[in-house]
Amino acid sequence: MNPSIWIAARLRLNDTGSGANTTGVAIASIGVAVAVAVMEITLGVVMGFKTGITDRVLGFDPEVSVLPAYDYPSGESDPHISASPELLGYIASSLPQASASISLSQPGIIKTDSDFAALYFMASDTTHDFSFERGNIVDGTFPDYSDPRQANSIVVSSATARALGLSTGDKVNACFIVNEAVKLRRFTIAGIYESGFEERDNTGAYASLRAMQSVAGVDSLSGTRIDIRFPGSLADIEDGASRLQQTLVDAYSAGSIPQLYPVDNIRHTGAVFFNWLDLLDTNVVVIFILMICVAGFTLVSSMFIIILDRIPTIGLLRSIGARKSMVERIFVVMAMRIVAIGLAASNIVGLGFLIFQQHTGLFKLDPKMYYLSTVPVQINPAWMLVLNLGVVAAAYLILILPSRLAGSVSPASTLRYE
């Protein structure tokens, strides 16, 4: 065993009985524990926010979408896009792991006897995964749109239901203006949802694709966009969208497809939310720097106290031939014991809080402000391990300079100190 480690392991942190020594060690341990616990909680909550908000955004908008053809000379876009076999083939060749579905959004007005509300009716084909929509239902059920008998069932938000005095089972009239013609439809409220995204809840309703295609006057292969669910990180999604766009440009240039279809991705359509999430990274860096400064200050202060109380021990070690580097390592190891105590306490407190919040959701949020009803938590063991190792490395580097004080003490000075 290394002599420095062997000696440091056998020296008590408060062996002299000094009150200042004991208080300094306690303060340093608490400082490290508080700093690391704050960093762990910050990391867990920020990662939870990112995951929660991203899931919400992806619930409304697909990772990648192909939009109706755009005519560059006139600057106009077609109102609808057809999911032709050729177009779907190019999508499959560019994004093999992706799944494509037809989506159609149609503006309309829901009218009751005393009031009305302008809404966007959102519809997707039966290949779409409706797990997100079903998870937001607070009353009633989300219709099975594969059943033709439920084609006239719709789902409205709780905000719309409160404004119009609607409840599940009610029948409402909807008015649509298509090609300067007014079309009327009668729907049944099958369910009421609440997503926490106030902007979407105030203007969104779900309907069957069959009903919306009938309103728009298009065939069963047409919609306002083709939704592409593409697994991967945001960087992967952007790369996939660029790859698909280039494939469609090449196909248009070669005359394989008659029109050029623009490709969009979630990073663009959800830019407001993702830019907000990017700002959280800056907050995390600031908090981490502040907490490292707090922990470093308390550690350095405690180390100075330990060194001053151990001057006779330093003199004894130097008089029997211990080198400066050996004495320095002894006191660094002693201070790292304080770090270990603080880390143990911080993991109990920090991870304990995160686990408690993850299972109970005790701490609530205002969904109108934060889009989520509870403080989100995500515990990533790898990131927590990196955080702990990073704190150990930072503490070691911080302690190198004050340890030079212990190594600079000479045997003769210890006699004057006594």
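Up top is the structure.
Just so we're clear, the structure is a prediction, and the values are computed from it rather than from any experiment.

Most often, soluble globular proteins have nonpolar side chains that are buried together. Counting residues in hydrophobic clusters, the biggest one holds 106 residues, and the most contacted among them are Val 66, Phe 121, Ile 154, Met 212 and Leu 244. When neighbours within four sequence positions are excluded, Ile 154 is seen to be in contact with Ile 110, Phe 121, Tyr 145, Val 172, Phe 187, Thr 188, Ile 189, Ala 190, Gly 191, Tyr 206 and Ala 207.

Time to look at the environment of Arg 337. By secondary structure assignment, the location of Arg 337 is in helix α12 (residues 324–360). As a C-alpha pair, Arg 337 and Ile 81 span 256 residues in sequence and 66 Å in three-dimensional space.

Counting buried positions along strand β8 (residues 153–157) gives five out of five residues, so the element sits mostly inside the fold. Here β8 shows a buried face lined by Ser 153, Val 155 and Ser 157 and a second buried face lined by Ile 154 and Val 156. In the sheet, β8 pairs with strand β10 (residues 181–193) via five bridges, with the strands oriented parallel. When the bridges of β10 are listed, Val 156 appears paired with Ile 192.

Assignment of secondary structure puts Thr 112 in the loop between β5 (99–111) and β6 (116–124). When neighbours within four sequence positions are excluded, Thr 112 is seen to be in contact with Leu 164 and Leu 166.

Right, let's get into the side chain of Asp 227. Residue placement: Asp 227 occurs in strand β13 (residues 225–229). Residue Asp 227 is classed as buried on the basis of its relative accessible area, which comes to 3%. Leave out the neighbours within four places in its chain, and Asp 227 touches Pro 62, Val 64, Ser 65, Ser 99, Ala 100, Ser 101, Ser 103 and Ser 124.

A few words on helix α8 (residues 234–253). If you check α8, its first and last C-alpha atoms are 29 Å apart, about what 20 residues at 1.5 Å a residue would give, namely 28 Å. Taken together, the buried positions of α8 are occupied by Ile 237, Gly 240, Ala 241, Leu 244, Leu 248 and Ala 251. Here the buried residues of α8 occupy an arc of 100° about the axis, which is enough to place them on one side. One or two positions beyond α8, positive phi appears at Gly 255, with a value near 80°.

Quick look at the pattern of salt bridges now. For the structure shown, the criterion picks out seven salt bridges. In this structure, Asp 278 and Arg 267 form a salt bridge, with 2.5 Å as the shortest nitrogen-oxygen distance. Within this pair, whereas Asp 278 is found in helix α10 (residues 271–309), its partner Arg 267 is found in helix α9 (residues 266–269), the two being separated by 11 residues in sequence. Take Asp 278: its relative accessible area is 33%, and that puts it in the partly exposed class. Residue classification places Arg 267 among the partly exposed positions, given a relative accessible area of 23%. Beyond isolated ion pairs, a larger network of salt bridges with shared partners links Asp 61, Arg 200, Arg 225 and Asp 227.

Procedures and definitions
- Residues numbered from 1 in each chain as written.
- Predicted model: local features only at pLDDT ≥ 70, side-chain atom pairs only at ≥ 80, totals over all residues.
- Heavy atoms only, no water.
- Core = buried A, V, L, I, M, F, W, Y, C linked by side-chain atoms within 4.5 Å.
- Buried < 20%, exposed > 50% of the residue type's maximum accessible area, 1.4 Å probe, protein only.
- Contact = heavy atoms within 4.5 Å.
- Helix = DSSP H or I, 4+ residues; strand = E, 2+ residues; numbered from the N terminus.
- Pairing = 2+ DSSP bridges.
- Expected span 1.5 Å × (residues − 1).
- Arc of directions from axis to C-beta.
- Salt bridge = Lys/Arg side-chain N within 4 Å of Asp/Glu carboxyl O.

By themselves, these observations are geometric and do not establish any function.
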